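An overview of the molecular structure
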Amino acid sequence: MTSRNEELFAAAQRVIPGGVNSPVRAFRAVGGTPRFFAHGSGARVWDADGTAYIDYVGSWGPLILGHAHPAVVQAVQQAAAQGLSFGAPTAAEVELAEMLCRRVPGLEQVRLVSSGTEATMSAIRLARGYTGRSKIVKFEGCYHGHADALLVKAGSGALTLGNPSSAGVPDATAAHTLVLEYNNVAALEAAFRRDGAAIACAIVEPVAGNMNLVAPNRDFLAALRALCTRHGALLIFDEVMTGFRVGPQGAQGLYGITADVVTLGKVVGGGMPLGAFGGRRDVMASIAPLGPVYQAGTLSGNPVAVAAGLATLELVAAPGFFDRLAAATRALTDGLAAAAREHGVVFSAQAVGGMFGIYFRATPPQSYAEVMQCDAAAFKRFFHAMLARGIYFAPSAFEAGFVSAAHGAAEIEQTLTAARHCFAAMT
Ligand SMILES: *Cc1c(COP(=O)(O)O)cnc(C)c1O
């Protein structure tokens, strides 16, 4: 019997490349048919066949309040009824900018855009325009959206210039991007010693969440901060994923480090297309119309997206919100690790605020190379076994997972019960 998911996927593949509008949705890493979602509520989603799942993807991070939170839906409905877009300033976007500047360390001015990619792409241009330099530093395994300068992987040799990680990115563009190993302070020091005067900025995921989850060791972010300052380069924290996800002040607050420029997305849009980049006033003064760095957007500051963002950020400001979220996420990862241990499966897991990593490896990885040592076949089996029991994890071993405020003790327990069965079947 063909399921509705299968029918839809077949239809999608005829008119959409790979049947999806963003590649990881295609289930290529795990095989099988992507689930087409019909609706969501709280911690749960329902697919086209009416099957329910507890969702640990949360639209890849934005849905920190769970699906279709009533307050967010109402804010969106009210804003939509007033007009979908004006291409002119609105009061609500000022309110959101004020809220971001109040809550995000180091943010004196901020500009709203429509995606995380736009935020990081614009931040890089800003850093280059502000410093008058061309080179940028990024870290292997970190993802900063799909702009040319950032789709770069390490070349051969520890300190060689980057190579494009996508067809269509000119070598000349990639050549300005230095790709270094995450958590490797010695490599960082060497790169700045050699190229410091030419480096416009370093961009980093302060908790890496696009190569599964790799947590920073404290020395790494502190060394990065110090080297950028010493060499006159801007430090860009790409908090598109970690902002309002790992804590009320993002990774900056968690690790006590203030960047020069911060990029935001995902949670700040509450599930609508919205991103932001901001930083020190003197740096932001380089942006048009104040300065020479051009940046613009027809739908930037879109009133419906801004309404969803405002409603979401108001709710995450509730006292104890992030403590409860972190505790639920820890209960999940501790429970999964205990279940794996019971059944002798080589496995580890860790949580940072409301995001988590699960690894078919004895200890959490520290770098992209260590992520690559995880047992991909074991992940695939676990993913499908959990899916069959109504638990939706990211369909790739290279993505972080997300818990929302709607994931309560019952949802976590249901997940752990499923996991015990799945781990048992793996031995
Ligand atoms: C998701 C993500 C982006 C890209 O955001 P989009 O909204 O998908 O363009 C950039 N940086 C990080 C760290 C992300 O997690």
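These numbers were taken from a predicted model, which means no experiment stands behind them.

Here's the deal with the overall build of the chain
The helix and strand inventory of the chain stands at 14 helices and 16 strands. For 427 residues, the compact-globule formula gives about 22 Å, and the C-alpha radius of gyration of the chain, at 21 Å, lands near that figure. Across its three principal directions, the C-alpha atoms of the chain cover 60 × 55 × 45 Å. Here the chain holds 427 residues, and 55% of them are scored as buried. When contacts within the chain are restricted to residue pairs at least 6 apart in sequence, long-range pairs at least 24 apart make up 72% of them. Carbon and sulfur atoms make up 55% of the accessible area of the chain, which totals about 17400 Å².

With respect to the site of the ligand
Near the ligand, the surroundings consist of Ser 115, Gly 116, Thr 117, Tyr 143, His 144, Gly 145, Glu 205, Asn 210, Asp 238, Val 240, Met 241 and Lys 266. At 3.3 Å from a nitrogen atom of the ligand is found a main-chain nitrogen or oxygen belonging to Tyr 143. Contact distances for the ligand include 2.6 Å between an oxygen atom and a side-chain N or O atom of Lys 266. Contact with the protein chains hides 83% of the accessible area of the ligand, taken as 380 Å² for the molecule alone.

A word on empty space enclosed by the protein
Here the structure, examined in full by the defined rule, presents three cavities of 30 Å³ or more. As a volume, the largest cavity reaches approximately 80 Å³. Lining the largest cavity are Tyr 56, Asn 212, Phe 356, Gly 357, Ile 358, Phe 379, Phe 393, Ala 394, Ser 396, Glu 399, Ala 400 and Gly 401. The dominant element in the lining of the largest cavity, judged by the number of residues it contributes, is strand 14 (residues 355–359), at three residues. For the lining of the largest cavity, the class distribution of residues is seven nonpolar, four polar and one charged. Put simply, the second largest cavity is a space of about 60 Å³. Considering the residues around the second largest cavity, the lining is formed by Gly 42, Ala 43, Asp 55, Gly 58, Leu 63, Gly 66, His 67, Arg 245, Phe 402, Val 403, Ser 404 and His 407. Broken down by class, the residue content of the lining of the second largest cavity amounts to four nonpolar, six polar and two charged.

Section: the domain arrangement of the chain
The assigned domain composition of the chain is domain 1 (4–68 + 319–426) and domain 2 (70–316). In this assembly, 30 residues from domain 1 lie in contact with 34 residues from domain 2. The largest per-residue losses of area from domain 1 upon contact with domain 2 belong to Phe 322, Met 355 and Tyr 368, which jointly make up 23% of the total buried on that side. The interface formed by domain 1 and domain 2 contains zero salt bridges.

Some details on the layout of surface pockets
In this structure, the second largest pocket spans a volume of roughly 530 Å³. Residue lining of the second largest pocket: 21 residues in total, with Glu 93, Val 110, Arg 111, Leu 112 and Gln 295 positioned closest to the centre. Those elements giving two or more residues to the lining of the second largest pocket turn out to be helix 3 (91–103) and strand 4 (109–113). Residues belonging to the lining of the second largest pocket are distributed by class as follows: 13 nonpolar, five polar and three charged.

Side note on the environment of Ile 391
Among the structural elements, Ile 391 can be located in strand 15 (residues 391–392). Its relative accessible area of 0% is what places Ile 391 among the buried residues. Leave out the neighbours within four places in its chain, and Ile 391 touches Tyr 53, Ile 54, Tyr 56, Met 386, Gln 414, Thr 415 and Ala 418.

Side note on the pairing of strand 2 (residues 44–47)
Residue alternation in strand 2 divides its side chains into a buried set, Val 45 and Asp 47, and an unburied set, Arg 44 and Trp 46. Sheet topology places strand 1 (residues 37–41) next to strand 2; four bridges connect them, and they run antiparallel. The partner of Phe 37 across the bridge, within strand 2, is Asp 47. Taking the residues between adjacent antiparallel strands as the criterion, strand 1 and strand 2 are bridged by two residues, where Gly 42 takes a positive phi near 60°. Relative to strand 3 (residues 52–55), strand 2 runs antiparallel, the two being bridged by three bridges. Following the sheet pairing, Arg 44 is matched in strand 3 by Ile 54. In textbook terms, the turn of a hairpin is the stretch between consecutive antiparallel strands, and for strand 2 and strand 3 this stretch comprises four residues, one of which, Gly 50, has a positive phi near 85°.

Comments concerning the packing of aromatic side chains
Evaluation of the coordinates by the stated rule reveals 20 aromatic pairs. Judged by centre distance (6.5 Å) and plane angle (55°), the ring pair of Phe 360 and Phe 423 falls under tilted. Of this pair, Phe 360 sits in the loop between strand 14 and helix 12 (368–371) while Phe 423 sits in helix 14 (residues 409–426), placing them 63 residues apart in sequence. Grouping residues by exposure puts Phe 360 and Phe 423 together as buried. Taking the centre distance of 6.0 Å and the plane angle of 25° together, the rings of Phe 382 and Phe 393 count as stacked. Of this pair, Phe 382 sits in helix 13 (residues 376–388) while Phe 393 sits in the loop between strand 15 and strand 16 (401–402), and the two are eleven residues apart along the sequence. Overall, the relative accessible area of 0% leaves Phe 382 in the buried class. What links up through ring pairs into an aromatic cluster is the set Tyr 56, Phe 347, Phe 356, Phe 360, Phe 382, Phe 393 and Phe 423.

What counts as what
- Residues numbered from 1 in each chain as written.
- Predicted model: local features only at pLDDT ≥ 70, side-chain atom pairs only at ≥ 80, totals over all residues.
- Heavy atoms only, no water.
- Helix = DSSP H or I, 4+ residues; strand = E, 2+ residues; numbered from the N terminus.
- Rg over C-alpha atoms; globule rule 2.2 N^0.38 Å.
- Buried < 20%, exposed > 50% of the residue type's maximum accessible area, 1.4 Å probe, protein only.
- Contact = heavy atoms within 4.5 Å.
- Areas by Shrake-Rupley, 256 points an atom, 1.4 Å probe, with all protein chains shown as cover.
- Near = heavy atom within 4 Å.
- Polar contact = N/O pair within 3.5 Å; in protein donor to acceptor, adjacent residues only side chain to side chain.
- 1 Å grid on protein atoms, 1.4 Å probe; cavity = no way out; pocket = protein on both sides within 12 Å on 5 of 7 lines; lining within 4 Å.
- Points joined across faces, edges and corners; volume = space filled by probe spheres on them.
- Nonpolar A, V, L, I, M, F, W, Y, C, P; charged D, E, K, R; others polar.
- Domains from an automatic or database assignment.
- Buried area = accessible area lost by both parts, 1.4 Å probe.
- Salt bridge = Lys/Arg side-chain N within 4 Å of Asp/Glu carboxyl O.
- Pairing = 2+ DSSP bridges.
- Phe/Tyr/Trp six-rings, centres within 6.5 Å; stacked < 30°, edge-to-face > 60°.

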